[in-house]
Amino acid sequence: MSDPYRTSIRIEAPPETVFAHFVRPELLVRWMGDYARLEAKEGGVFSVDINGVLIRGHYVALDPPRLIEIAWGEAASQTMPPGATRLRIELAPEDSGTRLVLTHDGLEPADAARHAAGWPHFVERLAVA
């Protein structure tokens, strides 16, 4: 297992707005993915297609607008099956915006390298969205 991947970014929007971009399909696909099916409740479905990569899992914890935890994995993956890893999003007010801290834990080394390249791209897109 690799060390958890962690990144942080300041977003010029209130925590409620940033939170919505993780729980509303029409907002999630603005910054990540081509299609999303989300049931934003504990145990609810988290399903997003990102350029042919089928992310599958479920919401583990939701504490609006401060915390989102998702059991995250990839359909048909041997090293990261659906729900095998944990994605944790922490949101805190900062000045006139939000500090987002993203932690992805439970990744195998090969998957960790892919996510370390992908997450910076996507959080930048979220900041724009």
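No experiment lies behind these values; they were computed from the predicted model shown.

Caption draft 1: Spatial organisation of the overall build of the protein. Looking only at helices and strands, the protein features three helices and seven strands. Reading the secondary structure of the protein in the N-to-C direction produces β-α-α-β-β-β-β-β-β-α. Over its C-alpha atoms the protein spans a radius of gyration of 14 Å, differing by no more than 12% from the 14 Å that the globule rule assigns to 129 residues. Principal-axis analysis of the C-alpha atoms places the extent of the protein at approximately 40 × 30 × 25 Å. Here the protein, with 129 residues, has 46% of them falling under the buried criterion.

Caption draft 2: Examining the nonpolar core more closely. Ranked by internal contacts, the top residues of the largest apolar core, which has 34 residues, are Phe22, Phe46, Trp72 and Leu100. The element contributing the most residues to this core is helix H3 (residues 109-128), with five residues.

Caption draft 3: Focus on the packing of aromatic side chains. Scanning the model with the defined rule gives four aromatic pairs in all. Plain terms: the ring middles of Phe22 and Trp31 are 5.1 Å apart, the flat faces sit at 65° to each other, and that makes the pair edge-to-face. According to the relative accessible area criterion, Phe22 is buried, its value standing at 2%. On the numbers, 5.3 Å between centres and 50° between planes, the contact of Trp72 with Trp119 is tilted.

Caption draft 4: The pattern of salt bridges, seen in detail. Scanning the entire structure with this criterion turns up twelve salt bridges. One salt bridge connects Glu94 with Arg10, and the closest N-O pair in it is separated by 3.5 Å. Here Glu94 is found in strand E6 (residues 85-94), whereas its partner Arg10 is found in strand E1 (residues 5-11), with 84 residues between them in sequence. By relative accessible area, which is 28% here, Arg10 ends up partly exposed. Here Arg56 and Asp49 are joined by a salt bridge, their closest N and O atoms 2.9 Å apart. One connected set of salt bridges, linked through shared partners, spans Arg10, Glu12, Glu94 and Arg99.

Parameters at a glance
Residues numbered from 1 in each chain as written. Predicted model: local features only at pLDDT ≥ 70, side-chain atom pairs only at ≥ 80, totals over all residues. Heavy atoms only, no water. Helix = DSSP H or I, 4+ residues; strand = E, 2+ residues; numbered from the N terminus. Rg over C-alpha atoms; globule rule 2.2 N^0.38 Å. Buried < 20%, exposed > 50% of the residue type's maximum accessible area, 1.4 Å probe, protein only. Core = buried A, V, L, I, M, F, W, Y, C linked by side-chain atoms within 4.5 Å. Phe/Tyr/Trp six-rings, centres within 6.5 Å; stacked < 30°, edge-to-face > 60°. Salt bridge = Lys/Arg side-chain N within 4 Å of Asp/Glu carboxyl O.

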